[in-house]
Amino acid sequence: MLLINGVWTNAENNRSFESTSPSTGESLGFAADASAGDLDRAISAARSAADSWAQVTPYRRAGLLNAAAENVLAAKDEIGRLMSKEQGKPLRAAINEIGYAADFLTWYSEEAKRIEGTTIPSARADQRFVTVQAPVGVVAAITPWNYPVSMITRKLAPAVAAGCTLVLKPAEATPLCAVAMFEAIQSAGFPDGVINLITVSDPVSVGKAFTTDPRIDKITFTGSTAVGRLLAGEAAKNLKRISMELGGHAPFIVFPDADPVHAAKGASLVKFLNAGQACISPNRIFVHRSIYQPFIETLSARTSALRVGDGLADGVSVGPLVNPAAVGKVQSQVDDAISKGATAVIGGHALQEEEYAAGHFFAPTVLSDVTADMVIYREETFGPVAAVIQFDDDDDIYALANDTHYGLAAYVYTRSISKMYEAMERLRFGIIGINDINPTSAAAPFGGMNNSGLGREGGREGIVEYLETKTVGISVA
Ligand code: ADP
């Protein structure tokens, strides 16, 4: 179903598309396949609601966001099971994600009340300046399938808290998760037209409409750099505001003073999270030569102990990839690396036998002796492959780590305070974890440098993306 102007409806032509499990191939149901007319009605609803929503007090907006958070948490088991089926991730990870999704609703309910202006002294004795913050207006949001519920609230919560209205299009691989989230959020009682959901099987026409429709003021996108570049280009022609959260190619640096066993445990936890399908997943693990062996041994032992399978099955910690093309891409990166001298210490192949036959599974893999001429050293993998590279004292590790057009996340293991500061200052990445594999929170800004994106989500900076500053000069003569 689509949510347009407060009403749940089928697509006007009654079209729908199927959602299937990446683990079993089973049908999970159908989502409405919105037409151009449906999209037009959703944009129109958001536009019509924009003025009155902007005038609702932040206290009331906060109350609705809080109620939405409660509804989401109350439905966490149900949405968690659905997410595990539709996206594939282990149930526990799905339920954690719902907690993270609710955090954005709660955090921005609080931040709504702290949208403040300034007063500025004038050079003229008879003049005063004040600034006020106004919502940008109608927001069009496009979200991905890898974190199918938290990426919704990471956009929706600050937009709505700022006084904007929204039309959201989720990924075609996870429409049912989006419907379940919008049901929980809308039942908090948002006025008609404030939040609208459009599910669609072909995103291209929606992207065109979002970037060209004069009723839309801002586009916020999370997905691949290729699609982000396309949308940003179109949006620029029409001078629409944009936020882009795109791909990454995170370095994970283990300095010689670090405990290699502890660092390898961290690497195994963060690398295989979401089967490696995360924009902050480590893609190049640089380990100093002096601790390379114990690091590889621990990482390999932990990787071989990971159980792969259907996210709802007991003990599973690594689920499937999103589709067969993703499996093919991971395999080709692994094959390329092996042909150029890397070794698959563990894994290195798709899983196709027995319980894996109907799904898109890839064995958790550790590649050792990865070098700069390999595709995996340059391209985002989005799969469960830990690519490990040795470095020496003579190498400029920051030059190696920064040698990518991405700049989202980076991880560092060291016990030295000097090294910690050096890493903070020299790594050209928007998010840095130091002896920490989870440097993310609703309260902290998240976003990339270079081709990893524009703008920040989360934290105080996250709401600024949905606000415009108005300067008012006042004559007091
Ligand atoms: P991924 O490779 O991770 O699937 P995509 O960038 O293809 O990333 O998808 C992220 C989101 O972008 C999804 O919601 C998808 O439907 C949407 N999308 C993909 N192509 C386009 C496009 N041309 N215009 C608008 N949205 C798009």
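Residues numbered from 1 in each chain as written. Predicted model: local features only at pLDDT ≥ 70, side-chain atom pairs only at ≥ 80, totals over all residues. Heavy atoms only, no water.

Some remarks on the sheet that holds strand E20 (residues 431-434)
Logical step 1: With respect to topology, 7 strands assemble into an open sheet ordered E14-E17-E18-E13-E12-E19-E20, the strand pairing being mixed. What marks the edges here is a single partner per strand, and that holds for strand E14 (343-346) and E20. For this sheet the average axis-to-axis angle between neighbouring strands, irrespective of direction, equals 25°.
Logical step 2: Docked against the sheet, helix H9 (residues 260-271) engages strand E12 (250-254), strand E13 (282-288), strand E18 (385-391) and strand E19 (409-413), running at close to 165° with respect to E12. (Pairing = 2+ DSSP bridges. Helix = DSSP H or I, 4+ residues; strand = E, 2+ residues; numbered from the N terminus. Axes fitted to C-alpha atoms, helices over the stretch in contact; angles between N-to-C directions. Contact = heavy atoms within 4.5 Å.)

Looking at the side chain of glutamine 333
Logical step 1: By secondary structure assignment, the location of glutamine 333 is in helix H11 (residues 324-339).
Logical step 2: Looking at glutamine 333, the relative accessible area reads 1%, which means it is buried.
Logical step 3: Within the structure, glutamine 333 has its side chain in polar contact with the side chain of threonine 381 (distance 2.7 Å).
Logical step 4: Apart from residues no more than four positions distant in its own chain, glutamine 333 is found in contact with Val375, Ile376, Glu379, Glu380 and Thr381. (Buried < 20%, exposed > 50% of the residue type's maximum accessible area, 1.4 Å probe, protein only. Polar contact = N/O pair within 3.5 Å; in protein donor to acceptor, adjacent residues only side chain to side chain.)

Quick look at the packing of aromatic side chains
For any pair of aromatic rings, the description rests on two quantities: the centre-to-centre distance and the angle between the ring planes.
Logical step 1: Applying the stated rule across the entire model yields 10 aromatic pairs.
Logical step 2: Between phenylalanine 252 and tyrosine 411 the ring centres are 5.8 Å apart and the planes differ by 35°, which places this aromatic pair in the tilted class. One end of the pair, phenylalanine 252, is in strand E12; the other, tyrosine 411, is in strand E19, and 159 residues separate them in sequence. Tyrosine 411 matches phenylalanine 252 in its accessibility class, with the two residues each being buried.
Logical step 3: Taken together, the aromatic side chains of Phe252, Tyr411 and Tyr413 make up a single cluster linked through ring pairs.
Logical step 4: The positively charged end of lysine 218 is found above the aromatic ring belonging to tyrosine 466, 5.1 Å away from the centroid.
Logical step 5: One residue, lysine 419, lies across the ring of phenylalanine 255, its end atom 5.2 Å from the ring centre. (Phe/Tyr/Trp six-rings, centres within 6.5 Å; stacked < 30°, edge-to-face > 60°. Lys NZ or Arg CZ within 6 Å of the ring centre and 35° of its normal.)

Notes on helix H6 (residues 175-186)
Logical step 1: End to end, H6 covers 16 Å across 12 residues, agreeing with the expected 16 Å (1.5 Å per residue, within 8%).
Logical step 2: Every buried residue of H6 is listed here: Pro175, Leu176, Cys177, Ala178, Val179, Ala180, Met181, Phe182, Ala184, Ile185 and Gln186. (Expected span 1.5 Å × (residues − 1).)

Focus on the site of the ligand
Logical step 1: Taken together, 17 residues form the shell around the ligand, and within it Thr143, Trp145, Lys169, Glu172 and Ser224 come nearest.
Logical step 2: Taking lysine 169, its side chain carries an N or O atom lying 2.9 Å from an oxygen atom of the ligand.
Logical step 3: Contact distances for the ligand include 2.7 Å between an oxygen atom and a side-chain N or O atom of serine 224.
Logical step 4: Burial of the ligand by the protein amounts to 80% of the accessible area it has alone, namely 550 Å². (Near = heavy atom within 4 Å. Areas by Shrake-Rupley, 256 points an atom, 1.4 Å probe, with all protein chains shown as cover.)

Comments concerning the packing of helix H4 (residues 91-111) against helix H5 (residues 150-162)
Logical step 1: Relative orientation of the contacting elements H4 and H5 amounts to 5°, with a least axis distance of 8 Å. Judged by the inter-axis angle, H4 sits roughly parallel to H5. Taken together, the residues of H5 that come into contact with H4 (itself represented by Glu97, Tyr100, Ala101, Phe104, Leu105 and Tyr108) are Ser150, Thr153, Arg154, Leu156, Ala157, Pro158 and Ala161.
Logical step 2: Partitioned by chemical class, the residues of the contact of H4 with H5 number 9 nonpolar, 2 polar and 2 charged. (Parallel < 35°, antiparallel > 145°, perpendicular 65-115°, else oblique. Nonpolar A, V, L, I, M, F, W, Y, C, P; charged D, E, K, R; others polar.)

Regarding the nonpolar core
Logical step 1: In terms of nonpolar packing, the biggest core is built from 67 residues, with Ile253, Val254, Phe295, Val370, Val388 and Leu427 touching the most fellow members.
Logical step 2: When near neighbours in sequence (up to four residues on either side) are disregarded, isoleucine 253 contacts Phe286, Phe391, Ile397, Ala401, Tyr411, Val412, Tyr413 and Leu427.
Logical step 3: Counting 53 residues, the second-largest nonpolar core is a separate cluster that includes Val56, Trp107, Val160 and Ala180. (Core = buried A, V, L, I, M, F, W, Y, C linked by side-chain atoms within 4.5 Å.)

Topic: a nonpolar patch on the surface
Logical step 1: Among the surface-exposed residues, Val132, Val472, Ile474 and Val476 lie close enough to one another that they form a single nonpolar patch of about 260 Å² accessible area.
Logical step 2: Residue valine 476 is classed as partly exposed on the basis of its relative accessible area of 43%. (Patch = residues over 30% accessible without salt bridge, like charges linked within 9 Å, V, L, I, M, F, W, Y side chains within 5 Å. Salt bridge = Lys/Arg side-chain N within 4 Å of Asp/Glu carboxyl O.)

Here we look at the environment of alanine 69
Logical step 1: Relative to the assigned elements, alanine 69 resides in helix H2 (residues 58-74).
Logical step 2: Given the relative accessible area of 4%, alanine 69 is considered buried.
Logical step 3: Placed 115 residues apart in sequence, alanine 69 and alanine 184 show a C-alpha to C-alpha distance of 8.4 Å.

Focus: empty space enclosed by the protein
Logical step 1: Tallied over the full model, the rule gives 3 cavities of 30 Å³ or more.
Logical step 2: Space inside the largest cavity adds up to approximately 40 Å³.
Logical step 3: Lining the largest cavity are Lys155, Thr220, Phe221, Ser243, Met244, Glu245, Phe446, Gly447, Leu454, Gly455, Arg456 and Glu457.
Logical step 4: Every element with two or more residues in the lining of the largest cavity is listed here: strand E10 (218-222) and strand E11 (241-245).
Logical step 5: For the lining of the largest cavity, the leading source of residues is E11, giving 3 residues.
Logical step 6: In terms of residue class, the lining of the largest cavity is made up of 4 nonpolar, 4 polar and 4 charged. (1 Å grid on protein atoms, 1.4 Å probe; cavity = no way out; pocket = protein on both sides within 12 Å on 5 of 7 lines; lining within 4 Å. Points joined across faces, edges and corners; volume = space filled by probe spheres on them.)

Details of the layout of surface pockets
Logical step 1: Empty space within the second largest pocket amounts to approximately 150 Å³.
Logical step 2: Around the second largest pocket, the lining residues are Glu111, Arg114, Ile115, Glu116, Gln133, Arg460, Ile463, Val464, Leu467 and Thr469.
Logical step 3: Breaking the lining of the second largest pocket down by element, the ones donating at least two residues are helix H15 (459-464) and strand E22 (467-475).
Logical step 4: Broken down by element, the residue count for the lining of the second largest pocket peaks at 3 residues, all from H15.
Logical step 5: By residue class, the composition of the lining of the second largest pocket is 4 nonpolar, 2 polar and 4 charged.

Regarding the sheet that holds strand E5 (residues 118-120)
Logical step 1: If you walk across this open sheet you meet the 3 strands as E5-E6-E22, and the pairing is antiparallel. Both outer strands of the open sheet, E5 and E22, are each paired with one neighbouring strand and no more. When the angles between neighbouring strand axes are averaged without regard to direction, this sheet yields 25°.
Logical step 2: Bridge analysis of strand E6 (residues 127-135) against E22 gives 9 bridges, and the strand direction is antiparallel. Following the sheet pairing, alanine 134 is matched in E22 by glutamate 468.

What to know about the pattern of salt bridges
Logical step 1: Under the criterion given, the structure shown has 20 salt bridges.
Logical step 2: The partner of arginine 215 in a salt bridge is aspartate 40, and the shortest N-O contact between them spans 2.6 Å. Taken together, the positions of arginine 215 in the loop between helix H7 (203-212) and E10 and aspartate 40 in helix H1 (residues 36-55) put the pair 175 residues apart, joining distant regions of the chain.
Logical step 3: Across the pair arginine 289 and aspartate 392 runs a salt bridge whose closest N-O atoms are separated by 2.7 Å. Pair noted here: arginine 289 is in the loop between E13 and helix H10 (292-304) and aspartate 392 is in the loop between E18 and helix H13 (397-401), with a separation of 103 residues, a long-range link.
Logical step 4: The exposure class assigned to arginine 289 is partly exposed, which follows from its relative accessible area of 45%.
Logical step 5: What makes aspartate 392 partly exposed here is its relative accessible area of 28%.
Logical step 6: Taken together, the salt bridges that share partners define one network made up of Arg154, Lys155, Glu245 and Glu457.

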